[in-house]
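What the coordinates show
Below are the chains, spelled out letter by letter.
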Amino acid sequence: MTTTTATTATTATTATTATTGTTATTGTTATTGTTATTGTARCRACAGPLTEFLDLGAQPNSDAFPRPGETEGEFFFRLAVGLCGECTMVQLMEEVPRERMFHEDYPYHSSGSTVMRGHFEDTARQLLAGPAAGPDAFVVELGCNDGVMLATVAAAGVRHLGVDPSAGVADRAREKGVRVRTAFFEESTAREIAAAEGRADVVYAANTLCHIPYLESVFRGLDALLKPTGVFVFEDPYLGEIVERTSFDQIYDEHYWFFTARSVRNLARRYGFELVDVVRLPVHGGEVRYTLARQGAQAPSAAVAALLAEEEAAALAEPATLERFAAGVRRTREELTELLGRLRAEGRRVVAYGATAKSATVANYCGIGPELIEFVCDTTPAKQGRLTPGSHIPVRPAEAFAAPYPDYALLFAWNHAEEITAKEQEFRAAGGRWILYTPEVRVL
Ligand code: SAH
Ligand code: TYD
Ligand code: ZN
């Protein structure tokens, strides 16, 4: 039922029907108010006109892995993306209530990747040598998760506080000596922290600001929490890379915003901040780290002007560019389903690697279920023995991959390709082939 719905839900009308139907059975509603069908969609950042350019159909919570036999009443919402004609912010058309996504059992553990552990250790050292270099510096991290970044700050003996609403991962962080407040960061949280612990030299957030629809509250909070010289440093998947690689699987319930230097600069200025630096990062398929300072506190670096010019040249904020991206997404779906269908007809064994949140979008949009993929292997204990959201493919431990190796492995965790292909060399040696779908569908 799920796969059929998702496959056909490619127009605003059918998808809306699907969402409404699901709402009726689950009795829960994604905060809508803005759909293409009503013609009144407004930007969540600036209230400008929002134009939808891609509809990925009915989608589940990307990190909600049901137990076998417990798929009844699964939550679905309409996953679609639009562009603001005013501030150029790209964003979801519907918002999923935050408590549905971030809670005690949130299964994503940041420390699951060796490469990411290294990345966040480096990040911590850069913060400690930069904005947090002064005496009695105070570092706050939004979405600290299992403490992958703050553990290094804590080990250096620097005053810090993580803020994360997901109690399970917050406990993992505490085990590493990290101080965490289990809460959603918003204006009230920020004021409480500032009152109790003083103002921060740096507020850092990785793969978290893009998860937060209520930016006005966040920025009022940053204003209250940061010292006059304090900076807000955050990194998130970069729209420029998503468009270039057709990596549409970066679009899912948790990823509400898709930033560019231009949209971030517009956003910052609404709240008295300025975009003063940008750094491109190779992690998670291509991200940008943005630094915001209070207006007038720091001159923007040359990198800001360079990235803005690059975005202008790539026509990143043009509807035609995003329409072309959407056409590429539809092509990927055709090619991937054709390939998997052919492999099944040939009797090949195909499994998938990495039960990522991203893969929920691919599986549900393309209609890929257990009839095409035998299982997904994943190192996360909380996902093992469960089913993938919406598409209901069994999730098995990493060891299942080699017992015995399949003919093909669909690399859902493509953003960790280097790390994974390096440790799975025996799979290739045994004649196994990787299937990738970004930047295009291909077999390696
Ligand atoms: N920074 C980590 C975790 C990213 S996952 C990394 O880059 O790997 C996103 C995290 O943000 C989750 O742990 C989630 O619980 C948290 N989160 C979601 N909304 C938040 C909010 N309003 N304030 C703080 N953390 C939030
Ligand atoms: P990731 O791509 O980091 O993020 P998201 O869920 O936000 O899309 O998720 C990586 C997933 O892949 C996570 O569930 C752990 C799993 N994984 C493995 O199973 N093996 C590995 O070697 C790596 C790096 C990840
Ligand atoms: Zn806008």
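No experiment lies behind these values; they were computed from the predicted model shown. (Residues numbered from 1 in each chain as written. Chains lettered and ligands numbered in written order. Predicted model: local features only at pLDDT ≥ 70, side-chain atom pairs only at ≥ 80, totals over all residues. Heavy atoms only, no water.)

The next thing to look at is helix α7 (residues 187–197). Every buried residue belonging to α7 is among Thr189, Ala190, Ile193 and Ala194, and all of these are buried. Along the axis of α7, the buried residues cluster in a sector spanning 130°; they form a single face. Along α7, the residues that are exposed and aim more than 90 degrees away from the buried face are Ala195 and Ala196. Structurally, α7 contributes buried residues whose contacts are with β4 (138–142), β5 (159–163), β6 (180–181) and α8 (215–225). Positioned one or two residues after α7, Gly198 has a phi angle of 90°, which is positive. (Buried < 20%, exposed > 50% of the residue type's maximum accessible area, 1.4 Å probe, protein only. Helix = DSSP H or I, 4+ residues; strand = E, 2+ residues; numbered from the N terminus. Arc of directions from axis to C-beta. Contact = heavy atoms within 4.5 Å.)

Here the zinc ion (ligand 3) is held by Cys43 (SG), Cys46 (SG), Cys84 (SG) and Cys87 (SG), and the distances to it run 2.3 Å. Here the zinc ion (ligand 3) is ringed by 4 donor atoms whose angles at the metal span 100 to 114°, and the overall shape comes out tetrahedral. For the zinc ion (ligand 3), all donor residues lie on one chain, and their spacing in sequence is C-x2-C-x37-C-x2-C. Of this pair, Cys43 sits in the loop between α2 (12–26) and β1 (50–60) while Cys84 is found in strand β2 (residues 76–84), placing the two residues 41 residues apart along the sequence. Overall, Cys43 belongs to the buried group, its relative accessible area being 5%. (Donors = N, O, S within 2.8 Å, 3.2 Å for Na, K, Ca; no water. Tetrahedral: all angles 85-135°; square planar, octahedral: opposite > 155°, others 65-115°.)

Below, the discussion takes up unusual backbone geometry. One can expect most non-glycine residues to show negative phi and most peptide bonds to be in trans. Residue Pro404 is bonded to the preceding Ala403 through a cis peptide linkage, with omega at -10°. Note on placement: Pro404 falls in the loop between β14 (395–396) and β15 (408–411). In this structure, Pro439 follows Thr438 across a cis peptide bond, with omega equal to 0°. As for its placement among the helices and strands, Pro439 is situated in the loop between β16 (433–436) and β17 (442–443). Although it is not a glycine, Asn145 sits at a positive phi angle of roughly 55°. Non-glycine residue His284 carries a positive phi angle of around 50°.

A few words now on the UniProt feature "domain: Methyltransferase putative zinc binding" (unreviewed entry) in the protein chain. Sites flagged by UniProt as "domain: Methyltransferase putative zinc binding" (unreviewed entry) map to residues 43–102. The span residues 43–102 shows a helical share of 7% and a strand share of 38%, and its end C-alpha atoms are spaced 23 Å apart. (UniProt positions renumbered as here; feature names shortened; annotations may be inferred.)

The subject of this paragraph is the packing of aromatic side chains. All told, the structure shown has 20 aromatic pairs when counted by the stated rule. Seen in terms of ring centroids, Phe259 and Tyr290 are 6.4 Å apart; in terms of plane orientation they differ by 80°. Their pairing is edge-to-face. Taken together, the residues span a long stretch of sequence, with Phe259 in the loop between β9 (257–258) and α10 (261–270) and Tyr290 in strand β11 (residues 287–294) at a distance of 31 residues. Taking the relative accessible area as the measure of exposure, Phe259 reaches 0% and is therefore buried. Between Tyr405 and Phe427 the ring centres are 5.7 Å apart and the planes differ by 50°, which places this aromatic pair in the tilted class. (Phe/Tyr/Trp six-rings, centres within 6.5 Å; stacked < 30°, edge-to-face > 60°.)

What follows is about the environment of Ala357. Examined against the element boundaries, Ala357 turns out to sit in helix α13 (residues 357–366). Setting aside residues up to four positions removed in sequence, Ala357 forms contacts with Ser62, Asp63 and Tyr252.

What follows covers the site of ligand 1. As a matter of local geometry, ligand 1 sits amid 20 residues, with Ser110, Gly143, Asp164, Ser166 and Asn207 nearest to it. In this structure, Ser110 approaches ligand 1 through a side-chain N or O atom, which is 2.7 Å from an oxygen atom. A distance of 2.8 Å separates an oxygen atom of ligand 1 from a polar atom in the side chain of Asn207. In the complex, 99% of the free accessible area of ligand 1, which totals 570 Å², lies under the protein chains. Its residues assigned to classes, the shell around ligand 1 shows 11 nonpolar, 7 polar and 2 charged. (Near = heavy atom within 4 Å. Polar contact = N/O pair within 3.5 Å; in protein donor to acceptor, adjacent residues only side chain to side chain. Areas by Shrake-Rupley, 256 points an atom, 1.4 Å probe, with all protein chains shown as cover. Nonpolar A, V, L, I, M, F, W, Y, C, P; charged D, E, K, R; others polar.)

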